[in-house]
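# Overview (structure and organization)
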Amino acid sequence: MSLLPAATDVLAVLDALPMLVGRTHECDWPPDEVAGVPVLTGSSVDADGMSSREISDAVGGAHRGSGLYQLDAAALAELHPDLVLTQDLCEVCAVSYRRVSDALRVLDAGAGPTVVSLEPGTLDGVLDCLLRVGELLGRAELARGRVAELRARLEAVRCAVADRARPRVAALEWLDPLWPAGHWVPEQIAVAGGTPLLALPGEHTAPMTWQALASADPEAISVQPCGFAPARTFEELSLLTGHPVWQELRAVQQGRVWVMDGPAYFNRPGPRVVRGVEILASLLHDVPISPPLTSLEAVGIGQNDEK
């Protein structure tokens, strides 16, 4: 059972989705394969129709932490999973390890399933999680092969950008308030041939001011709000483009601002963060990637603002 979207991504890479008996309401990849898997969670915050500021206020207020999510404990018991994958890395990303453990304890489920918390904060941590899950599922050899493939892709990008200039890149994980992306994202930027700004590798970040963004003087900006697909980001793009500081930013003046598919390639600590590195390398340095970059993955602001 996966109570973390990134863990579901890991299961997909390990060809283990047929083993999946339950998932979260946010586990959405690969869509055709997870669609029929029972959903065990829901959110206390209905983000549809809410602005970024309203969502931020709700998350930081009465619904703070694991109270954001409802867990169907009865369904969890009925499904009798052997393994439950969850997390304690981010209180607003998924059901927490503590919440799952408490639910199982209340149910008096005997020995019950093994509950494993996946908490990577770096690229190496993400790949280590894949190895760990592979071992838990008896697919250690397959996991090692998959990790070798992912590391080879990262190394190919490093080699491709090794002699290039390294533009200063700001990654924005939220729009209102402004919030820089931390954890593995600075490493994604560095491997892709950029100089990450506003956060260190592995860092859990905090909101920042517009002046902080202007002072960082980014030459490129990746807009990747947590949980927002590009279409949702474009609905609130005026929070950025309408601010008086926006047009003063060098990245904006040079036309090097992109809206990314954050949930797919940057927000979640799953194997697809490697594709995120390739996407950034393609945008920053025109590095050829396979498959080629599409508008579903990244869109330049100014190219498709009406979307």
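The rules behind each value
- Residues numbered from 1 in each chain as written.
- Predicted model: local features only at pLDDT ≥ 70, side-chain atom pairs only at ≥ 80, totals over all residues.
- Heavy atoms only, no water.
- Helix = DSSP H or I, 4+ residues; strand = E, 2+ residues; numbered from the N terminus.
- Contact = heavy atoms within 4.5 Å.
- Areas by Shrake-Rupley, 256 points an atom, 1.4 Å probe, with all protein chains shown as cover.
- Buried < 20%, exposed > 50% of the residue type's maximum accessible area, 1.4 Å probe, protein only.
- Axes fitted to C-alpha atoms, helices over the stretch in contact; angles between N-to-C directions.
- Parallel < 35°, antiparallel > 145°, perpendicular 65-115°, else oblique.
- Left-handed = near helix turned anticlockwise from the far one by under 90°.
- Nonpolar A, V, L, I, M, F, W, Y, C, P; charged D, E, K, R; others polar.
- Core = buried A, V, L, I, M, F, W, Y, C linked by side-chain atoms within 4.5 Å.
- Polar contact = N/O pair within 3.5 Å; in protein donor to acceptor, adjacent residues only side chain to side chain.
- Phe/Tyr/Trp six-rings, centres within 6.5 Å; stacked < 30°, edge-to-face > 60°.
- Lys NZ or Arg CZ within 6 Å of the ring centre and 35° of its normal.

When helices and strands are tallied, the protein chain shows 14 helices and 10 strands. Sequence separation of at least 24 residues holds for 67% of the intrachain contacts in the protein chain that already meet a minimum separation of 6. In the structure as shown, the protein chain presents an accessible area of about 13600 Å², 51% of it carried by carbon and sulfur atoms.

Take the side chain of Gln-224 next. Here Gln-224 lies in the loop between β8 (220-223) and α10 (230-235). Residue class for Gln-224 comes out buried when judged on its relative accessible area of 1%. Those residues within four positions of Gln-224 in sequence are excluded, and the remaining contacts are Ala-171, Leu-172, Glu-173, Ala-181, Val-185, Met-260, Gly-262, Phe-266 and Asn-267.

Bringing the packing of helix α6 (residues 123-136) against helix α7 (residues 140-161) into the picture now. Where α6 meets α7, the closest approach of the two axes is 7 Å, and the angle between their N-to-C directions is 160 degrees. If you check the angle between α6 and α7, you find them roughly antiparallel. Here the hand of the crossing between α6 and α7 comes out right-handed. Here α6 contributes Asp-124, Leu-127, Asp-128, Leu-130, Leu-131, Gly-134 and Glu-135 to the contact with α7, which in turn contributes Ala-140, Ala-143, Arg-144, Arg-146, Val-147, Leu-150, Arg-151 and Leu-154. A breakdown of the residues in the contact of α6 with α7 according to their chemical character gives eight nonpolar, one polar and six charged.

Between α7 and helix α14 (residues 273-285), the least distance of the axes is 10 Å, while the angle of their chain directions is 15 degrees. Classed by the angle they form, the pair α7 and α14 counts as roughly parallel. Between α7 and α14 lies a crossing of left-handed hand. Side by side, α7 and α14 meet where Leu-150, Arg-153, Leu-154, Val-157 and Val-161 of the first sit next to Val-274, Arg-275, Val-277, Glu-278, Ala-281 and His-285 of the second. By residue class, the composition of the contact of α7 with α14 is seven nonpolar, one polar and three charged.

So, about the nonpolar core. Of all hydrophobic cores here, the largest spans 53 residues; its most connected members are Leu-11, Leu-14, Leu-85, Leu-118, Leu-130, Val-133 and Met-260. The dominant element in this core, judged by the number of residues it contributes, is α14, at eight residues. If sequence neighbours within four positions are ignored, Leu-85 has contacts with Met-1, Ser-2, Leu-3, Leu-4, Ala-7, Leu-11, Val-116 and Val-133.

Tracing the backbone through its elements, the reader meets Ser-2 in the segment before α1 (5-13). Overall, Ser-2 belongs to the buried group, its relative accessible area being 0%. In the structure, Ser-2 is positioned 20 residues away from Gly-22 in sequence and 6.3 Å away in space, judged by C-alpha atoms. Every residue in contact with Ser-2, bar those within four places of it in the chain, is listed here: Ala-7, Thr-8, Leu-11, Leu-20, Gly-22, Arg-23, Thr-24, Cys-27 and Leu-85. Reaching out from Ser-2, the side chain makes a polar contact with the side chain of Thr-8 at a distance of 2.7 Å.

Looking now at the packing of aromatic side chains. Considering all chains together, one arrives at two aromatic pairs under this definition. Taking the centre distance of 5.0 Å and the plane angle of 55 degrees together, the rings of Trp-174 and Phe-228 count as tilted. Residue Trp-174 is located in strand β5 (residues 168-174), and its partner Phe-228 is located in the loop between β8 and α10; the two are separated by 54 residues in the primary sequence. Here the two residues Trp-174 and Phe-228 agree in accessibility, since each one is buried. For the pair Trp-210 and Trp-246, a centre-to-centre distance of 6.3 Å together with 85 degrees between the ring planes defines the contact as edge-to-face. With Trp-210 in helix α9 (residues 210-216) and Trp-246 in the loop between α11 (238-241) and α12 (250-253), the pair connects residues that are 36 residues apart, well separated along the chain. For the residue pair Trp-210 and Trp-246, the accessibility class agrees, reading buried in each case. Note that Arg-272 overlies the ring of Tyr-265, its terminal NZ or CZ placed 5.9 Å from the centroid.

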